[in-house]
Amino acid sequence: IDRAGVTTVAWASDQATNPLIWVDTVNAVGGQVSRPEQLTAAGNGGGDLNLAENASGAGVLSWQRQLSSTTPGPNGSRVRFAEMAAQRLAASGTWSAAQQLGTFSVLVQGVGSGPWLPVSPPSVVTANGTAAVGWRAGGGGVKAPLVGGTRTPGSASRRSPPALTGNPNGYGLSAGADNELVAVWSTASAKQRALFTSTSANGNTWSAPTQFASVHDGTYGPILAAAANGPIALTPLTGNHQPIQYATRSP
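The structure contained in this document is the topic of the report that follows. (Residues numbered from 1 in each chain as written. Predicted model: local features only at pLDDT ≥ 70, side-chain atom pairs only at ≥ 80, totals over all residues. Heavy atoms only, no water.)

Further remarks concern the packing of aromatic side chains. Here the structure, examined in full by the defined rule, presents 1 aromatic pair. For the pair phenylalanine 81 and phenylalanine 104, a centre-to-centre distance of 5.9 Å together with 15° between the ring planes defines the contact as stacked. With phenylalanine 81 in strand S6 (residues 78–88) and phenylalanine 104 in strand S7 (residues 99–107), the pair connects residues that are 23 residues apart, well separated along the chain. (Phe/Tyr/Trp six-rings, centres within 6.5 Å; stacked < 30°, edge-to-face > 60°. Helix = DSSP H or I, 4+ residues; strand = E, 2+ residues; numbered from the N terminus.)

Here we take up the pairing of strand S12 (residues 181–187). When you tally the buried positions in S12, you get 7 out of 7 residues, the bulk of the element. Strand direction decides the pairing type here: strand S11 (residues 168–175) and S12, joined by 6 bridges, are antiparallel. Of the residues in S12, the one forming a bridge with glycine 172 is valine 184. Remark: 5 residues form the turn of the hairpin made by S11 and S12, two consecutive strands paired antiparallel; aspartate 178 in that turn has positive phi of roughly 55°. (Buried < 20%, exposed > 50% of the residue type's maximum accessible area, 1.4 Å probe, protein only. Pairing = 2+ DSSP bridges.)

Before going further, it helps to spend a moment on the sheet that holds strand S9 (residues 131–136). Across the sheet, 3 strands lie side by side as S8-S9-S10; this open sheet has antiparallel pairing. Since the sheet does not close on itself, it has two edges, and those belong to strand S8 (124–125) and strand S10 (146–151), each with one partner. Looking at chain direction, S9 and S10 are connected through 6 bridges and run antiparallel. For arginine 136, the partnering residue across the bridge sits in S10 and is leucine 146.

Turning our attention to the nonpolar core. Counting residues in each nonpolar core, the largest one holds 15 residues, and the members touching the most others are Val60, Phe81, Leu101, Phe104, Val125, Val133 and Trp135. Among the elements of the structure, S6, S7 and S9 are those that each provide at least two residues to this core. In this structure, Val124, Leu146, Tyr171 and Phe196 belong to the second largest nonpolar core, which totals 13 residues. (Core = buried A, V, L, I, M, F, W, Y, C linked by side-chain atoms within 4.5 Å.)

Rendered as structure tokens:
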């Protein structure tokens, strides 16, 4: 939702492989609903839709498109996917054509089952329109790097820098003050206690990861929320019957 109260909604049309993706807007002030817009052509859609928007209405939508055969292979085989994204530069603007950010593969889990689709960290759009999309470049087990694709205002394509980390468990993306991008993740170690962060001031280069917290009983990853003027709140996702903890980051 943007500061004017216009909400953007995105959805996939059905449960088929690479379904159509639609977008629409709802004006919260008067309740008007626009005509739905088809964002992708047949076969170019996918699952794990991830939508982000800034206060002025600039937005980014990402999804995972299956590249391999639609028929699941035997247990242990791999299915290839592409991380896709489209961008809108303003609330009244049109969505760009879908671009492929990168590819990865996931294992088919269980006899007769389809591939397990990894869940992406939230996308984010900074105040100046820099859009960041993150995804885990593989599924099942550890050693699956966390990758981020960014597109700065005025650029014709998205940039995919080196992996932020090679062994994440849970992860999140957020927008800090002064158009800074902030990534936070937990390690996929035996105890899963450490929380790390990396930042990007320009949307292209990221700082070296640093550990900033340790969760005594372990964490599956962070949940982030950011205010328009820069403060960020984080709560670690922990197990049943564990205390709810939080941390804040000032601009």
